[in-house]
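Listed below, chain by chain, are the residues.
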Amino acid sequence: MTLRSPRALVEAGLARSEDLAALERVAARYAVAVTSDLSAIIDGADAADPIGLQYLPDPAELETRPEELPDPIGDAAHSPVPGIVHRYPDRVLLKPVSVCAVYCRFCFRRESVGRAEALSAGEIRGALDYVRAHPEIWEVILSGGDPLVLSPRRLARLFQDLAAIGHVKVVRIHTRLPVADPGRVTPALVRALRGSVAATWVVLHVNHPRELTGAATEACARLVDAGIPVLSQSVLLRGVNDAPEVLEALMRALVERRIKPYYLHHGDLAPGTARFRTGIADGLALAAALRGHVSGLCQPTYVLDIPGGHGKARLGPADLSRDGDEWCVADRKGRQHRYRD
Ligand SMILES: *Cc1c(COP(=O)(O)O)cnc(C)c1O
Ligand code: SF4
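Conventions adopted
- Residues numbered from 1 in each chain as written.
- Chains lettered and ligands numbered in written order.
- Predicted model: local features only at pLDDT ≥ 70, side-chain atom pairs only at ≥ 80, totals over all residues.
- Heavy atoms only, no water.
- Domains from an automatic or database assignment.
- Contact = heavy atoms within 4.5 Å.
- Buried area = accessible area lost by both parts, 1.4 Å probe.
- Pairing = 2+ DSSP bridges.
- Helix = DSSP H or I, 4+ residues; strand = E, 2+ residues; numbered from the N terminus.
- Axes fitted to C-alpha atoms, helices over the stretch in contact; angles between N-to-C directions.
- Near = heavy atom within 4 Å.
- Nonpolar A, V, L, I, M, F, W, Y, C, P; charged D, E, K, R; others polar.

A look at the domain arrangement of the protein
Per the domain assignment, the segments of the protein are domain 1 (1–62) and domain 2 (72–315). Taking the mean C-alpha position of each, domain 1 and domain 2 sit 23 Å from one another. Tallying the contact residues gives 25 residues for domain 1 and 29 residues for domain 2. Both sides together, the interface formed by domain 1 and domain 2 hides about 2,100 Å², and carbon and sulfur atoms give 51% of it. When residues of domain 1 are sorted by the area they lose upon contact with domain 2, Tyr 30, Gln 54 and Tyr 55 head the list and together hold 28% of the total.

Some details on the sheet that holds strand S10 (residues 320–323)
The three strands are arranged S10-S11-S12 in an open sheet whose pairing can be described as antiparallel. Here the strands that pair on one side only, and so sit at the sheet edges, are S10 and strand S12 (336–339). Each strand of the sheet is rotated relative to its neighbour by a mean of 35°, with strand direction disregarded. Of the strand pairs in this sheet, strand S11 (residues 326–330) and S12 are connected by four bridges, and their pairing is antiparallel. Following the sheet pairing, Val 329 is matched in S12 by His 337. Packing against the sheet, helix H11 (residues 280–293) makes contact with S10, S11 and S12, and its axis sits at approximately 60° to S11.

Here we look at the site of ligand 2
Lining the immediate surroundings of ligand 2 are Cys 100, Val 102, Tyr 103, Cys 104, Cys 107, Arg 176 and His 205. When grouped by side-chain class, the residues that make up the shell around ligand 2 number five nonpolar, one polar and one charged.

Describing the sheet that holds strand S6 (residues 230–235)
Taken in spatial order, the nine strands line up as S1-S2-S3-S4-S5-S6-S7-S8-S9 in an open sheet, and their pairing is mixed. A single partner strand is all that each edge strand has here, and the edge strands are strand S1 (84–88) and strand S9 (311–314). Neighbour-to-neighbour, the strand axes of this sheet turn through a mean angle of 30°, independent of strand direction. Note that strand S4 (residues 170–175) and strand S5 (residues 199–205) share six bridges and pair parallel. Bridge pairing in S5 places Thr 175 opposite Leu 204.

Considering unusual backbone geometry
At the junction of Gly 144 and Gly 145, the peptide bond is cis and its omega measures out at 10° in the coordinates. By the secondary structure assignment, Gly 145 is in the loop between strand S3 (139–142) and helix H6 (152–163). Of note, Arg 258 is a non-glycine position whose phi angle comes to about 65°, a positive value. For Arg 258, the location among the structural elements is in the loop between helix H10 (244–256) and strand S7 (259–265).

Have a look at this one:
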């Protein structure tokens, strides 16, 4: 059963009863959900457990730092119609739902996920009309929320609608479901993602090797065996995966499962998430350590979503300069932006 309240977490031994009042305030502000697959691998006795840190609410979330932003990557500024974010010319995000199977405590969309259930039928039509009216859109990225919480029937319908738009050649799904609730990645769900002319790609959000349980491994195999390429994205998180041996184990575990590491995201400035953020220098050192002695298949691209909606920037020694205590990083149009750790 999914645990959805601080009281349920206390009863399951995953939160301390003396924190209950503070955790109720956290839960009133940010959604809480821990699936049974994940609660089974959290060590409740260890406050520093890298799985628990990702999913268990913490009183520290009530503290918002001045640099933290409700919309850290600036989705709203690029949203022409509800459910669409169009930041890059050839691709859009389509967010059919804003709920997830689990709620990550560092989520960059934490102010919007877990609230409204889904786009209305009319809003979905409006979003599809937008895609249809923009022939430059080559790829539609289903994001959210977690699009795979939709029923196979609704997903199949959405894929058929997208396939009917001739210029959409690729549909990409960003999901945590194979880790959060692998049993829901059923053959029927996998079939729903395949029944169209567009090429389907899946990007799995996973941050720690222990999240790749036997059941998660089987869920990913169902996707790959069906001919769906699977990539991964991870968020660099203090105390979870900011150690070279953990990142190496994660990337190797992914490639062993036929999943290609795609992005390693620098932590976004989401409200109440300071405890997770590392410095950019830490990320550079970790990326260099991986490059030093691990197969090229295991190398994700380390990226920063430039605050304010300027898009993603690759973070490598050649992409960054220092000005006092600030980093300078260029967006895809070559404009410089400042970032303070
Ligand atoms: C991150 C993101 C994408 C995907 O970018 P890729 O570099 O192609 O993975 C697309 N649209 C928006 C709005 C994004 O934030
Ligand atoms: S699965 Fe993604 S969208 Fe959902 S809470 Fe986690 S980071 Fe946020």
